[in-house]
Amino acid sequence: MKGSIVKICGPTVHTDLQGLRLYERVTVKKLTGEVVRLHSKGAVIQVYEDTRGLGIGDEVESLDIPLSVTLGPGMLSSIYDGLQRPLETLQEKTGPFIKTVDVTEVFEIFKFDKPFEFIPNKNIGDTITKGEILGKIKEGNFYHYIYSSKDIDSKIKSIITENITQDTSLITFENGETIKAYQSWPVRIPRPFKKKISTYEPLITGQRNIDFLFSLAKGGTAIIPGGFGTGKTILEQSIAKFADVDIVIYVGCGERGNEMAELLEEFRELKDQKTNKPLLERTVLVVNTSNMPVAAREASIFTAVTIAEYYRDNGYDVLLLADSISRWAEALREISTSLEEMPGEEGYPTYLVSRLAAYTERAGVTDCINGLSGSLTMILSVSPPGGDFTEPVTQALLRNTGVFLMLDTGLAHRRHFPAINWFQSYSLYQENLDDFFCEHFSNNWKTIRNRCREILKKEETLREVAEIVGISGMQDSDRLLLQTAEKIRTKFLAQNAYSEDAYSHPNETIKIIENILNEHEKILEKLTQGLSLNEAFKEKRANDLKTEKAGENKDETK
Amino acid sequence: MRLSEHKYNSISAITGQLVFVENLIEAKIGEMAVIISPDKRYIEAEILEINNNTALLQVYGSTQGLDIKHTKVILQDSLKEIPLSREMLGRKFNGSFNPIDDLPMFFSGNWRQITGYPINPSARANPSEFIETGVSAIDGMNTLVKGQKLPIFSCAGLPSKELVTLILRNVRLSKNEKEFAVIFTALGITHNEYSYYIKALEKMQADYMAIINFADDPVMERLLAPRIALSAAEYLAFEENMDVLTIITDMSNYCEALREISTAREELQGRRGYPGYMYSDLAFLYERAGRIQNIEGSLTLLPVLTMPEDDITHPIPDLTGYITEGQIVLSREMHSNDIFPPIDVLPCLSRLMQKGIGEGQTRKEHRQISNRLYRHYAQGREHRKLEAIVGRDGMSEKDRLYLDFAFTFEKEFINQGMNSRGIDQTLDLALELMNRFNLD
């Protein structure tokens, strides 16, 4: 079906082509687009590339498929744009700058530098059932499981195990039906699963703030809102490096190009702690920087989540990191404006809230159709204008997500990183995860955390008093508390992303805080015995020296 | 290609900088047009929107004197392009890229679109080479690297002009074997400021090109000037392998021009009347800075902007801060204490500093020195608040030491007048300061 352009307005194009379906993929003079609105005389198309140069009368053609991604082995360590075009291949075609490419040009989406091999579970002549695993393909450390999403009432006629390409039919049945190595899936439709399950297992991030104070559950969702310079990106990248998951999908949505270059370089060099292979080999990057076309930015987070769901369906723990959802919302607003829709709060379309809710619901722990179970966890950063958290995007996300990590400009200016505000942030998973932490790391996990919170809370009120009467005018026990709180802040909550300290195992995390609190209790005890704060510290120092010396002596006698 | 010239006299409406033309046979988005006024002035324009056979044109130049009956429009069948050549260096142009130095326009076969193309993220090289600006607060604590975009957030009446001059006077790259050029872009400046800047540029050691849009020049040219400047910078950096520093002052005037045009188009307004797409629009400019793998040259961007009402959460600094790799913030308080440059280092940041310092670039212990300076100074500033309440006498000796440190730090380290300091001088001074106070 072909038609032509009748109106062009920013990233949207109006056509007189009739008979299109909503969210169908079309080409507009060799550019990719998606149908976003239908009316009796034609349709409105959101174009995923620069619309400059388009003119009235240019051809619009229906492709009769929805906007989709192709899924299969060879995606890991790739860097895609918002439409799953590999940026490295694009670079070979158009050089260091991204220029418009003909949509009909075929892209090698997957990396075939090492040939993939199909290891079948089945033999010729066998029959199969829906969801049954028929074999697997190995990619690096991971397996892609091949199964049929429907019943096929026939016997296997042939199996191909080598030289797999994007179009290979791995299994052919006698009735002509085939099962392919690669499958296509529309990005706006969540991939199906048997059921969502609520298990409570923490996702260990290696960030003391998150693991200890605001724990994240596997299959959960977290948001990180913060003004500029509060360290959203660094925090997301640290999590991407150290999180205890199998696969990481990182979406750079409307952010800086240099950050992506840095991420690529680092992930090539850094090793995954579990497998000791480069981090890049467990990562897929989806990148649509702030200067790339706006409509593709809107699609990028859907492309990414579909890839994430695919790995989840292969039985892996997947972490999706998006930086930043605000840029996605802005793209949505820009498109909405060019469609002349009725604006809601701050010009965002009124469906912003429901779109975000539907998006975050794609996270979870699931039993998949093929009998495997996997999880998809989301961590989304938010860039509120002016650092004001009352804005629509933050507020919409707050309703549907489990962990809120608020980044504080004041802390960032004091160079306290990660600048997570310990009063405002929260985790809704905490209660359910405590058992796990107590069981696996320390029996006292919960009590220590409560004590830690208590001290930080008390500090706030004491600081107000101190500002009036001065530190010297305060009671010894209060001064001690202030000192301990400072220690918690500088030695425990602050965690330098550029040092060895960037990753902290929960065992280590609990040890650090336990030591700080134990020391506090010890000195507090001395104070109740009537010593002054200075005396108590002096005595403690003397004791420490003694134990140190004793230790040295022991070494010598050995 | 069109075989004949498409000339129309079917203008249906004119509002501000916008012209509507009807009954078009063929037109493209972004296509350039020439408008011929009744008094035979030729004005450039660009097609912004097309609806059936009506186009909306944005006029680059004064629309005064245009009428509906006699004004003609010629469509050019091409996007906005400019010629580029090394001969641009040493020249001065206006916001439409016409020479304003009384010399003839140069010739070149190299024509480029002024909007440029986005750099492919996988082709980017990681910026990591130190640039010495000669300013201690920048070199020592918020280091600039080649290919970075680092804005200066100023306030009305603060000496951002002098700071730019100070940087221009010294700016050179630590390993100076490559060619270096400055592209100076002024948006909406007064003739007074112009002569000040030109003096500074002429005193500089390096080649420069200036693109000047005066306060009384057409507002539309304010939107063109930075695009032209960056196209020229891209050409010199990525095709001629030069190290290019682009200075744009003042981006607030750019944003205001953007708002003016957007309002004329009756677009939906975002915060404070600025258009909702301002983030993307600014990103299209700022993101053109960077480095590319296997290309020697670099494009470093130093935009200057004025924070309206000294408010850092205002959309202009706010959106800029979200795109750029850090910011240098000037403070009115420092200025009133006679500190020059009046940089408040606490809200300052250079995201790429990590890569540009250390052994082989500046000095091995640079990071550590900077961290200690930050810690002590932040502590000192905290204590200043306390001092205001309890008074200096009510404070402990150690706390008073912090107070003195913060004071001396501002007076001796930040404050350097118009004298450039080398990186060694900056770091030595920092070490000497910390030894003098011995706070660790």
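What counts and what doesn't
- Residues numbered from 1 in each chain as written.
- Chains lettered and ligands numbered in written order.
- Predicted model: local features only at pLDDT ≥ 70, side-chain atom pairs only at ≥ 80, totals over all residues.
- Heavy atoms only, no water.
- Domains from an automatic or database assignment.
- Contact = heavy atoms within 4.5 Å.
- Buried area = accessible area lost by both parts, 1.4 Å probe.
- Pairing = 2+ DSSP bridges.
- Helix = DSSP H or I, 4+ residues; strand = E, 2+ residues; numbered from the N terminus.
- Axes fitted to C-alpha atoms, helices over the stretch in contact; angles between N-to-C directions.
- Parallel < 35°, antiparallel > 145°, perpendicular 65-115°, else oblique.
- Left-handed = near helix turned anticlockwise from the far one by under 90°.
- Salt bridge = Lys/Arg side-chain N within 4 Å of Asp/Glu carboxyl O.
- Polar contact = N/O pair within 3.5 Å; in protein donor to acceptor, adjacent residues only side chain to side chain.
- Nonpolar A, V, L, I, M, F, W, Y, C, P; charged D, E, K, R; others polar.
- Core = buried A, V, L, I, M, F, W, Y, C linked by side-chain atoms within 4.5 Å.
- Buried < 20%, exposed > 50% of the residue type's maximum accessible area, 1.4 Å probe, protein only.

**Things to note about the domain arrangement of chain B**
All names here are of chain B. Looking at chain B, the domain boundaries give domain 1 (7-79), domain 2 (82-355) and domain 3 (366-437). For domain 1 versus domain 2, the separation of C-alpha centres amounts to 31 Å. Taken together, the contacts link twelve residues of domain 1 with seven residues of domain 2. The contact between domain 1 and domain 2 buries some 860 Å² in all, and 69% of this surface belongs to carbon and sulfur atoms.

**A word on the sheet that holds strand E13 (residues 169-173) of chain A**
Residue and element names in this part refer to chain A. Taken in spatial order, the three strands line up as E12-E13-E14 in an open sheet, and their pairing is antiparallel. Looking at strand neighbours, the two that pair on one side only are strand E12 (156-159) and strand E14 (178-180), the edges of this open sheet. The mean angle between the axes of side-by-side strands here comes to 15 degrees, regardless of whether they run parallel or antiparallel. Note that E12 and E13 share three bridges and pair antiparallel. Counted as the bridge partner of serine 158 is threonine 172 from E13.

**Section: the packing of helix H4 (residues 219-239) of chain B against helix H5 (residues 251-264) of chain B**
Residue and element names in this part refer to chain B. The interhelical angle for the contact between H4 and H5, taken along N-to-C directions, is 125 degrees, at an axis separation of 8 Å. By the angle between their directions, the pair H4 and H5 is classed as oblique. Relative to H5, H4 is oriented so that their crossing is left-handed. In this structure, H4 contributes Val219, Met220, Arg222, Leu223, Pro226 and Arg227 to the contact, and H5 contributes Asn253, Tyr254, Ala257, Leu258, Glu260 and Ile261.

**Quick look at the interface of chain B and chain A**
Each partner contributes to the interface: chain B provides 65 residues, whereas chain A provides 66 residues. Carbon and sulfur atoms supply 56% of the area that chain B and chain A bury against each other, a total of about 5,400 Å² over both sides. Among the residues of chain B in contact with chain A, B:Pro121, B:Tyr279 and B:Tyr322 are the three that bury the most area, contributing 13% of the side total. Our count for the contact surface shared by chain B and chain A stands at one salt bridge. The partner of A:Glu262 in a salt bridge is B:Lys355, with the nearest N and O atoms 3.1 Å apart. At the surface where chain B touches chain A, the tally comes to 30 residue pairs in polar contact (both at pLDDT 80 or more). Elements represented by at least two residues in the side of chain B that touches chain A include exactly strand E5 (42-51), strand E11 (124-125), H4, helix H6 (278-286), helix H7 (315-323), helix H9 (353-356) and helix H10 (366-390) of chain B. Tallied by class, the residues present in the side of chain B that touches chain A amount to 33 nonpolar, 20 polar and twelve charged. Where strand E1 (residues 2-9) of chain A lies against E5(B), three bridges are found, and the strand directions are antiparallel. Its bridge partner lying in E5(B), A:Ile8 is registered against B:Ile50.

**Re the sheet that holds strand E22 (residues 349-350) of chain B**
All names here are of chain B. Strand order in the open sheet formed by eight strands is E9-E17-E16-E18-E20-E14-E21-E22, with mixed pairing between adjacent strands. Lying at the two open borders of the sheet, with one neighbouring strand each, are strand E9 (92-94) and E22. Inspection of the sheet shows strand E16 (residues 180-189) paired to strand E18 (residues 243-249) by seven bridges, in the parallel sense. Looking at E18, one finds that valine 182 is bridged to leucine 245. Across the sheet, H7 touches strand E14 (152-155) and strand E20 (298-307), and the angle it forms with E20 is around 155 degrees.

**Examining the nonpolar core**
Ranked by internal contacts, the top residues of the largest apolar core, which has 124 residues, are B:Met88, B:Ile343 and B:Phe409. With 14 residues, H4(B) is the single largest residue contributor to this core. The residue makeup of this core includes at least three contributed by each of domain 2 (82-355) and domain 3 (366-437) of chain B. Residues contacting B:Met88, with those up to four places away along its chain left out, are B:Phe93, B:Phe97, B:Phe106, B:Met209, B:Ala232, B:Tyr235 and B:Leu236. Within the second largest apolar cluster, 72 residues are counted, among which are A:Phe173, A:Val318, A:Ile325 and A:Met406.

**Section: the pattern of salt bridges**
A full pass over the atoms with the stated rule returns 69 salt bridges over all chains. Put simply, B:Glu49 and B:Arg265 hold a salt bridge, and the shortest N to O gap is 3.4 Å. Taken together, the positions of B:Glu49 in strand E5 and B:Arg265 in the loop between H5 and H6 put the pair 216 residues apart, joining distant regions of the chain. For B:Arg265, a relative accessible area of 23% corresponds to the partly exposed category. Three or more residues joined by partner-sharing salt bridges are found here, namely A:Glu255, A:Arg256, A:Glu259, A:Arg327 and A:Glu330.

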